[in-house]
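Chain by chain, the residues:
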Amino acid sequence: MWVLLRSGYPLRILLPLRGAWMGRRGLPRSLAPGPPRRRYRKEALPALEVPVLPVTAAEIRQYLRARGIPFQDGHSCLRAPSPFVGASKLKDQSGAATSFSLFIDKTTGRFLCMTSLAEGSWEDFQASVEGRGDGAREGVLLGEASDAEDTEEVRRIWDRAIPLWELPEPEEAQLVRVMFGLTKVTDDTLKRFSVRYLRAARSLVFPWFSPGGLGLRGLKLLGAEGQGDGVHYVETTIPRPGAYHNLFGLPLISRRDVELVLTSRELDSLALNQSTGLPTLALPRGTACLPPALLPYLEQFRRVVLWLGDDLRSWEAAKLFARKLNPKRCSLVRPGDQQPSPLEALNQGLNLSRILRTALPAWHKSIVSFRQLREEVLGELSNVEQAAGVRWSRFPDLNRLLKGHRKGELTVFTGPTGSGKTTFISEYALDLCTQGVNTLWGSFEISNVRLARVMLTQFAVGRLEEQLDKYDEWADRFEDLPLYFMTFHGQQSIRTVIDTMQHAVYVYDICHVVIDNLQFMMGHEQLSTDRIAAQDYIVGAFRKFATDSSCHVTLVIHPRKEDDDKELQTASIFGSAKASQEADNVLILQDRKLVTGPGKRYLQVSKNRFDGDVGVFPLEFNKSSLTFSIPPKSKARLKKIKDDNGLAAKKPSSGKKGAMPQISETCSDQAPKPYQPDLTKPSR
């Protein structure tokens, strides 16, 4: 049903919650495939594909009525008879019409036929209905089969895996149950879900069966590794994560089921189904995303409960996924001490059915009371670090000031021309992307090819033109990042850009959008329009998008023309004060090379709405890797600005022209080491 573009190796990155995506290199040597055979695609970049003419639900309904095609309005899809199925298959033995098997996404217009597994875009559907195209009705739109190399590997691993209860040594079986927390999960449950164990890799094996149980399409291997006093889980998917669209447990779903519980892990689905008897499904990539291609399989349920985990990140993901599924039918299980993940709740002897009854509705009116927000406030107070957002791994000083990268915020970034704004912000975004933050890049100033080259160099921390033999290995890892590019270049209208961003949030669950830069959208407006008013309108549109979509927007804005011997301030941002007022964070790349010598760059956090901490810290540019790393020999590193009544507390200046102000220091005795990736470990 899903088209596989190429075969390759999954990237070794960490899962946001309890596991890690692990490449096939983590498999035993006897099970690992041979050297990769590269098949280059015509599209070199994972560019975001957006319809030329976006379709709306009203236009879809109007077209179906005009063509005389009956349809039913569902939660997230429209259902209609499929043009890819013969008339004999659309009726049962009594001659009555059967349920409609074609699902059309209300947001994107993409369709999926449950009977023939045909799928395609809205334009493909129109061509099929109108008889245009070359053999569209004969099945050209049918999903391609899995890659032969993947199929062979899946079958080889599946044949070597055995049921857990068939292990020859009872002690080994008990150890496996302890490692994976399955001490209270029965053999009947494992058998019902077809879970096996691969002794050579010491991993549980979860199968991905085609709809209707027609064949084995893929596998997920879950390995357990000791890490201190706990256990670290490592996941491997075949095919690669981007093409692994398995709803684990789907073959057990009956057409009569009207309630469903969605989890982020297969082990949680086992625990829930065993304890409650309710239908359960596990998302293919945990809390990372909910692909729209899976929505047709969830249409039959009148109520969907999302129980994705026990931390704030899973709670945010549950609210985001509920928007796709129609919030009016969704309920969310709020994380808490007495409401852990389903598997932990089972092991603690908690009543899982009672926890499900406490699930809160995802939909509410525009006005809420504190009583409805009380538990959310408590959750943020009791999980301060998680509430602060995703922390950077390459910029520890940025973590000390901003505390983390949070959804729904607007960050304004500025700096002098030629100071390296695009280079820095690409590494800033790449750092988050390698930690599972789905990122959309809108580069209007430089081409996507050049931007991708810079980011790939930063990702590999070295110049690949000097080691082309390693290009395929790094390109494979880079390609599996949740990173997408807008195909715009030059001047664009704000409406087109916002539509593209909304499409990306729906299809790819984008959490971070980078716009480089705002000035390229102002030139598209009418010449008679006031440029200041146009900028205010654009900034307001991005602010509204960030809030409504719960998506972080980083907006690059050029500064006003300033004297070379003056530092940039918040007031230096081009335009009116609206940009700095609307922004949650304001970052300024200070470049002092014209005054104090070459290479003196600082990052200044001049606004931080989260907790008010502002300050500066030095940056050192590494030309060979195009990265900004922290100087290794500097004790006075991070400088926080204490702002009382709007005044910064400064120490007496040395009087040197262009010198950085002597601000109260809050730093450790030993400077952090510069970022150095370990190529023997996962890249996240």
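This is a predicted model, so every value here is computed, not measured.

Draft legend 1. Unusual backbone geometry, seen in detail. In the segment running from Ile-238 into Pro-239, the intervening peptide bond is cis, with an omega of 5°. Looking at the secondary structure, you find Pro-239 in the loop between strand E11 (230–238) and strand E12 (259–263). Of note, the amide linkage connecting Asp-516 to Asn-517 takes the cis form, showing an omega dihedral of 10°. Tracing the backbone through its elements, the reader meets Asn-517 in the loop between strand E20 (512–516) and helix H17 (519–522). In this model, Val-461 sits at a positive phi of 55°, which is unusual for a non-glycine residue. With a relative accessible area of 27%, Val-461 lands in the partly exposed category.

Draft legend 2. Main features of helix H1 (residues 57–66). Of all the positions in H1, only Ile-60, Arg-61, Tyr-63 and Leu-64 are classed as buried. The arc enclosing the buried residues of H1, seen along the axis, measures out at 160°, which places them on a common side. Pointing more than 90 degrees away from the buried face of H1 are the exposed residues Gln-62, Arg-65 and Ala-66. Trailing H1 by a residue or two, Gly-68 shows a phi angle of about 70°, which is positive.

Draft legend 3. Structural context of the packing of aromatic side chains. A complete count under the given rule lists 19 aromatic pairs for this structure. Between the aromatic rings of Phe-193 and Phe-248, the centroid separation amounts to 5.5 Å while the plane-to-plane angle is 25°, which identifies the pairing as stacked. With Phe-193 in the loop between helix H5 (187–192) and strand E8 (196–198) and Phe-248 in the loop between E11 and E12, this pair connects stretches of sequence that are 55 residues apart. Classification of Phe-248 as buried rests on a relative accessible area of 2%. Among the aromatic residues, ring-to-ring pairing joins Trp-392, Phe-395, Phe-413, Phe-424, Tyr-428, Phe-621 and Phe-628 into one connected group. The lysine or arginine in question, Lys-324, covers the ring of Tyr-506, its NZ or CZ lying 5.5 Å from the ring centre.

Draft legend 4. Looking closely at the pairing of strand E14 (residues 303–306). Summarising the sheet, E12 and E14 pair through four bridges and their orientation is parallel. Across the sheet, residue Glu-259 finds its bridge partner in E14, namely Arg-303. Both E14 and strand E15 (residues 330–332) contribute to a ladder of three bridges, which runs parallel. Within the sheet, the bridge partner assigned to Val-305 lies in E15 and is Ser-331. A crossover links E14 with its parallel partner E15, the connecting element being helix H7 (residues 312–325), and its sense is right-handed.

Draft legend 5. Inspection of the packing of helix H16 (residues 494–508) against helix H18 (residues 531–549) at higher detail. Where H16 meets H18, the closest approach of the two axes is 11 Å, and the angle between their N-to-C directions is 10°. Here H16 is positioned roughly parallel relative to H18, judged by the angle of their axes. By crossing handedness, the relation of H16 to H18 is classed as right-handed. Side by side, H16 and H18 meet where Ile-494, Val-497, Ile-498, Met-501, Gln-502 and Val-505 of the first sit next to Tyr-537, Ile-538, Ala-541, Phe-542, Phe-545 and Ser-549 of the second.

Reading the values: rules and limits
- The written sequence of each chain sets the order in which its residues are numbered from 1.
- Whole-chain, interface and lining totals are the exception, using all residues; otherwise, since this is a predicted model, local features are given only for residues with pLDDT of at least 70 and side-chain atom pairs are given and counted only at 80 or more.
- Note that the side-chain values use all heavy atoms of the structure and ignore hydrogens as well as water.
- Only DSSP runs of H or I with at least four residues qualify as helices, and only runs of E with at least two residues qualify as strands; both kinds are numbered from the N terminus onward.
- For every residue, the accessible area (1.4 Å probe, protein chains only) is compared with the maximum for its type, and the residue is labelled buried under 20%, exposed over 50%, or partly exposed between those bounds.
- The directions from the helix axis to the C-beta atoms are what the arc is built from.
- The rule is short: rings of Phe, Tyr and Trp, with Trp giving its six-membered ring, pair when the centres are within 6.5 Å, and they are stacked under 30 degrees, edge-to-face over 60, tilted in between.
- Note on geometry: a ring has a charge over it if NZ (lysine) or CZ (arginine) is within 6 Å of the ring centre and within 35 degrees of the ring normal.
- Two strands are said to pair when DSSP picks up at least two bridges between them.
- Crossover handedness is defined here as right-handed if the route from the first strand over the helix to the second strand goes clockwise, with the strands pointing away from the viewer.
- Axes, fitted as lines to C-alpha atoms, cover a helix only where it is in contact. Angles between the N-to-C directions of the axes lie from 0 to 180 degrees.
- We call two directions roughly parallel when the angle between them is under 35 degrees, roughly antiparallel when it is over 145, roughly perpendicular when it lies between 65 and 115, and oblique otherwise.
- By the definition used in this description, the sense in which the near helix is turned from the far one sets the handedness, with an anticlockwise turn below a right angle giving left-handed and a clockwise turn giving right-handed.
- Every residue pair with non-hydrogen atoms within 4.5 Å of one another is taken to be in contact.

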